[in-house]
Amino acid sequence: MAVDWTELPPEIIETISRKIAIYSDYLHFQAVCHAWKSSIPKTPSHLPPQLPWLLLPQSQSNQSSYRAFFNLSTYKFHSLNLPEASHHKKHCGSSHGWLIILDDSPSILVINPLTRRKIHLPAISSFPNVVSFDYANVGREYLIVNPQGELYTASLRQMRDGFIKKVVMSSSPLEKKGDFFVAMAILCSTGDLAYCKNGDGCWNVVQNVRSFSEDVIYFNGLFYAVNKAGQIVVCDVNGNSPKVSLIETPRQIGGDLQYLVSSGDGLLLVTRYLDLDVEFDIFIYKTARFEVFKLDLNGPRWERVTSLGDMMLFIGDNSSLALSASGLSGCTGDCIYYTDDYSANNYDGHVGEHDLGIFKLSDGSIEPLPCYPRNSYSRLQCPPPLWISPSPC
């Protein structure tokens, strides 16, 4: 006797839907029939972190409001209407499926490209080192005080491009109504860390952590930030005033960039080494290799990791991410998927290759990403590509 799948009890349909781990599969499940769609939540809350999509640069000649994303699991491109991230906007991070965007205004926009839900973080003009802001002062709209107490001015574009390095969020800002979340920013100009909580009207600087500006990650309810030598500060901003503690590991010498990644129940340090290359008579930095270390708190010290097993790491301007490759198509374990987050000069209209690829930890080899075949020279555009995890929340 044939079974009419459209007449399954709603509780069974919902139980089956909770076994789905990939967002696109959940959408396909909803599309089977009206009965299935009406039996499960429109927005799933049970999904694990998704395999990131790569947000691709937009050429200067492209005046469309649509942005292209590369889906690593299907090797397909998706085009999403995203005028907020088009045409001379700067991306300064992605967290939990949300993109942080700056433009030629004090506004800091946070938007989910899939759902188009958005919020605003406190404006750039609300940072403590910004003395004043006035649109009438064309070309010198901002008045800023540096760490030495000296005043200087900056334009809208200078602040857009050179004030904030990266923003990391503790969670999705709209995952649940009324949820508490914190955003932590790394400032380019001073190396300071500054934070705001949902509902705050301004940013607050974390004192005495100025040099810990290589990367920041949210892990087990706390923010961890790393300096050039691989030393860690832990920032607890849950109370009325920040609490800061130092994890003083032996100094890591020789790396050019440092990243922090939370993996399972521990922290990884990823050290990036760059080589200076010449392309078309132009000096451009290129990634040569990576080294990975795991934090041993008994030292404390960093222990060298020679294999990630089935884990893969995604680093760049995004909040660093570790995922298991098990059960996921289009990706490989024991690899680092990286983009360029270190030099806007590499994207100043020059011809060459984007510095992004797949680093295999087992043998130290580098492969191009499928959407960027090797030797595919083009005029590089800013902002560079960025990993972002698709999220319905």
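Structure: above.
Residues numbered from 1 in each chain as written. Predicted model: local features only at pLDDT ≥ 70, side-chain atom pairs only at ≥ 80, totals over all residues. Heavy atoms only, no water.

Visitor: When you look at the pattern of salt bridges in this model, what are you seeing that I'm missing?
Guide: Should the charged atoms of two oppositely charged side chains come close, the side chains can pair. In total, this model carries 15 salt bridges according to the counting rule given. As a salt-bridge pair, Arg272 and Asp355 come within 3.5 Å of each other at their nearest N and O atoms. Here Arg272, found in strand β20 (residues 266–279), pairs with Asp355, found in the loop between β26 (351–352) and β27 (357–360); they are 83 residues apart in sequence, far enough to count as distant. Overlapping salt bridges bring together Glu84, Arg116 and Lys118 as one network. (Salt bridge = Lys/Arg side-chain N within 4 Å of Asp/Glu carboxyl O. Helix = DSSP H or I, 4+ residues; strand = E, 2+ residues; numbered from the N terminus.)

Visitor: Teacher, can you tell me more about the side chain of Ser126 here?
Guide: Checked against the element boundaries, Ser126 lands in the loop between β7 (118–121) and β8 (130–133). Within the structure, the side chain of Ser126 is placed 2.6 Å from the backbone oxygen of Ala123, a separation counted as a polar contact. Once residues lying within four places of it in the same chain are set aside, the contact partners of Ser126 are Gly201, Cys202 and Trp203. (Polar contact = N/O pair within 3.5 Å; in protein donor to acceptor, adjacent residues only side chain to side chain. Contact = heavy atoms within 4.5 Å.)

Visitor: Quick question: what am I supposed to make of unusual backbone geometry here?
Guide: Trans is the prevailing form of peptide bonds, just as negative phi is the prevailing case for residues other than glycine. Here Gly299 and Pro300 are connected by a cis peptide whose omega angle stands at -10°. Here Pro300 shows up in the loop between β21 (282–296) and β22 (301–305). Of note in the backbone geometry, Asn208 takes a positive phi value of approximately 65° without being a glycine. Considering the arrangement of structural elements, one finds Asn208 in the loop between β14 (204–206) and β15 (215–219). With a relative accessible area of 77%, Asn208 lands in the exposed category. If you check the backbone angles, Asn220 has positive phi at about 55° while not being a glycine. Relative to the helices and strands, Asn220 resides in the loop between β15 and β16 (222–226). Accessibility expressed as a relative area gives 64% for Asn220, which makes it exposed. (Buried < 20%, exposed > 50% of the residue type's maximum accessible area, 1.4 Å probe, protein only.)

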